[in-house]
Amino acid sequence: MTIRACSTSWESASGRVVGWSGGAVRPAVLTVSCDEETDRAVCGALEAQLAGVAGQLLLRSEELVAAQLRVVGAIGSYRAVPPSEVRPSAHRNVVRVVAALRGAEHPAAGAVEEDEQETGRRRALQGIPSADVLVAYQRGIALLRDEFLRAARAEGLPADAALLGVQRIWQVGDRYSNDILAGHRKTGFDLVHREGQHRRMLLTRLLEGTMTTEQVVTAGVGLGLAADRDYWVLRARSAGSDPVTLTRVLERAVGAQDTVLIGDYRGDAAAVLSRPVADEPAGDITVGLAGPAVLSRLGVAFAEATRLLEAAIRFGRGGVVDRGRMALRLAVADERELGEYLHARYVELVSAESATGEALLASVETYLSRRRSIPEAAAALSVHVNTLRYRLARFAALTGADLQDTETAFEVWWALQYRNLCESPM
């Protein structure tokens, strides 16, 4: 017989070598091989000794189950779990440890009614964190290991037999702890996925206004939204990001909030927030923001956010846009007949000047956007101030527009914005 471990001492989990009189230990790898007849006789003696101690543990199974319930019950999250829910797991631990000490790879058929993946699943559904589930299982196995060592010392088992027994107990712990975590992880993932689907569905129904006021209030309260407070609604779009990535960017941009309900929506991202966006989102993201609105008016606010988003994109505006930033451009987009009239009066005549028409229109638009300051506009266009003055005079000659008159300047601005809207790819 070859035993690859110290026959009179073993290594603890901390690395300290302790003797037979030591406390709880985790052995180094121990391999027993019985190749010769004499070895088989020694192996048989070891197995018989382990089986004797295993029988004693089995007779004390109820006591050992109760002891496990006590150590597991001391874990905070388990205090909400009835002992009757934990008892089957504690019983399985005893059965499996006894079977392992007797040299059986698995307990006898019918001795274990439920596998540990199912235990992990049930704990996930009960809201027990995976770390606590693992701690609970390890404490139960450690308790049985300690009870085995006490019984082994009382029976006078040699260190080789005790070391082999402890190794078998730890192998049980390692094997089934993986099963518990696998069941917990799978169920946790499924729960998160279902919760995400549920929230996205409710978000869509809230924003599209497909529920009655009573349904809106009920669904909103279920999502942490109060019926008696105001919220902001947004819709965001990015040409370079998929909806999932866009949602994550928005989550960072909205910052810490009392309420954040956010998800993908028809290729965009949408959200209900307890206050407006804290930071401008990075990248090529445009956000239409509407509010404040009470819970029952979220659908109306979302329709406004959608209009703002689409108008901003058509006008080439990025970042966060609200009614304050887009009010006049929304009017330009809505008043198509007026836009056509002003476009014909101030733009079409200039556009006919094929050689200089585009330069004239760009110069006028820049001049108006720079508070009608010729030095600022010339610098923005990278032209001499006299060149800009010539272009403005040429525009006035073609259209009859006096850009010093505020009303006329506003009409020209409207015509140019309508032109931008018509040339938008949307």
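Residues numbered from 1 in each chain as written. Predicted model: local features only at pLDDT ≥ 70, side-chain atom pairs only at ≥ 80, totals over all residues. Heavy atoms only, no water.

## Describing the environment of alanine 278
No. 1: Along the chain, alanine 278 falls in the loop between strand E7 (268-273) and strand E8 (285-293).
No. 2: You can call alanine 278 exposed: its relative accessible area is 51%.
No. 3: When residues no more than four places from it in sequence are discounted, the contact partners of alanine 278 are Ala253 and Val254. (Helix = DSSP H or I, 4+ residues; strand = E, 2+ residues; numbered from the N terminus. Buried < 20%, exposed > 50% of the residue type's maximum accessible area, 1.4 Å probe, protein only. Contact = heavy atoms within 4.5 Å.)

## Let's talk about the sheet that holds E7
Hydrogen bonds between backbone atoms are what pair the strands of a sheet, whose relative direction is either parallel or antiparallel.
No. 1: Here we have five strands laid out as an open sheet, ordered E6-E7-E5-E8-E9, and mixed in their pairing. Strands at the two margins of the open sheet, each flanked by one partner only, are strand E6 (260-265) and strand E9 (319-321). Adjacent strand axes in the sheet meet at a mean angle of 20 degrees when their direction is disregarded.
No. 2: Against the sheet, helix H9 (residues 298-314) makes contact with strand E5 (231-238), E6, E7, E8 and E9, and its axis sits at roughly 35 degrees relative to E5, the strand it touches most. (Pairing = 2+ DSSP bridges. Axes fitted to C-alpha atoms, helices over the stretch in contact; angles between N-to-C directions.)

## A look at the environment of alanine 327
No. 1: By secondary structure assignment, the location of alanine 327 is in helix H10 (residues 323-334).
No. 2: Exposure remark for alanine 327: the relative accessible area of 38% places this residue in the partly exposed category.
No. 3: Measuring from C-alpha to C-alpha, the distance between alanine 327 and leucine 308 comes to 8.9 Å, with 19 residues separating the pair along the chain.

## Observations concerning the nonpolar core
No. 1: Counting residues in each nonpolar core, the largest one holds 40 residues, and the members touching the most others are Tyr78, Leu101 and Phe148.
No. 2: At the level of elements, helix H1 (37-59), helix H2 (61-73), helix H3 (83-101), helix H5 (130-155) and helix H6 (159-208) are the ones that each hand at least two residues to this core.
No. 3: Setting aside chain neighbours within four positions, we find phenylalanine 148 in contact with Leu50, Val53, Leu57, Leu101, Ala161, Ala162, Gly165, Val166 and Ile169.
No. 4: Core analysis: the second largest hydrophobic core is formed by 33 residues, Ala311, Val321, Ala409 and Leu416 among them. (Core = buried A, V, L, I, M, F, W, Y, C linked by side-chain atoms within 4.5 Å.)

## Side note on the pairing of E5
No. 1: Most of E5 sits out of view: seven of its eight residues are buried.
No. 2: Where E5 lies against E8, seven bridges are found, and the strand directions are antiparallel. For alanine 236, the partnering residue across the bridge sits in E8 and is valine 287.
No. 3: One ladder, built from five bridges, connects E5 with E7; its direction is antiparallel.

## Some thoughts on the pattern of salt bridges
No. 1: In this structure the tally under the stated criterion is 13 salt bridges.
No. 2: A salt bridge links glutamate 147 to arginine 60, with the nearest nitrogen and oxygen atoms 2.7 Å apart. Placement of glutamate 147 in helix H5 and of arginine 60 in the loop between H1 and H2 is noted, with a sequence separation of 87 residues between them.
No. 3: Taking the relative accessible area as the measure of exposure, arginine 60 reaches 25% and is therefore partly exposed.
No. 4: Measuring nitrogen to oxygen at the nearest pair gives 2.5 Å for the salt bridge that ties arginine 419 to glutamate 358. In this pair, arginine 419 is assigned in helix H16 (residues 406-422) and glutamate 358 in helix H13 (residues 357-369), connecting sequence segments 61 residues apart.
No. 5: Within this structure, Arg60, Glu63, Glu147 and Arg150 form a network of salt bridges that share partners. (Salt bridge = Lys/Arg side-chain N within 4 Å of Asp/Glu carboxyl O.)

## Quick notes on the confidence of the model for the protein
No. 1: Of the residues in the protein, 81% have a pLDDT of 70 or more, and the chain-wide mean is 80.
No. 2: Of all secondary-structure elements in the protein, the lowest mean pLDDT belongs to strand E3 (residues 17-19), at 34, while helix H14 (residues 374-381) reaches the highest, 94.
No. 3: Below pLDDT 50 for its whole length, residues 1-36 participates in 81 contacts with residues either more than four positions away or in separate chains.
No. 4: For residues 109-113, every residue scores under 50 in pLDDT, and the model assigns this stretch six contacts once sequence neighbours within four places are set aside. (pLDDT = per-residue confidence, 0-100.)

## Points about empty space enclosed by the protein
No. 1: This model, assessed by the stated rule, comprises one cavity of 30 Å³ or more.
No. 2: Taken as a whole, the largest cavity spans an internal volume of roughly 160 Å³.
No. 3: Taken together, 16 residues make up the lining of the largest cavity; nearest its centre are Val72, Val86, Ser89, Ala136 and Tyr137.
No. 4: Sorting the residues of the lining of the largest cavity by element identifies H2, H3, helix H4 (116-125) and H5 as the ones contributing at least two each.
No. 5: A class-by-class count of the residues in the lining of the largest cavity yields nine nonpolar, five polar and two charged. (1 Å grid on protein atoms, 1.4 Å probe; cavity = no way out; pocket = protein on both sides within 12 Å on 5 of 7 lines; lining within 4 Å. Points joined across faces, edges and corners; volume = space filled by probe spheres on them. Nonpolar A, V, L, I, M, F, W, Y, C, P; charged D, E, K, R; others polar.)

## Looking at the pairing of E6
Regular strands place their side chains on alternate faces of the sheet.
No. 1: In this sheet, E7 lies alongside E6 in antiparallel orientation, the contact comprising six bridges. Within the sheet, the bridge partner assigned to valine 260 lies in E7 and is leucine 273.
No. 2: Between E6 and E7, which pair antiparallel and follow one another directly, the connecting turn spans two residues, one of which, arginine 266, has a positive phi of 50 degrees.

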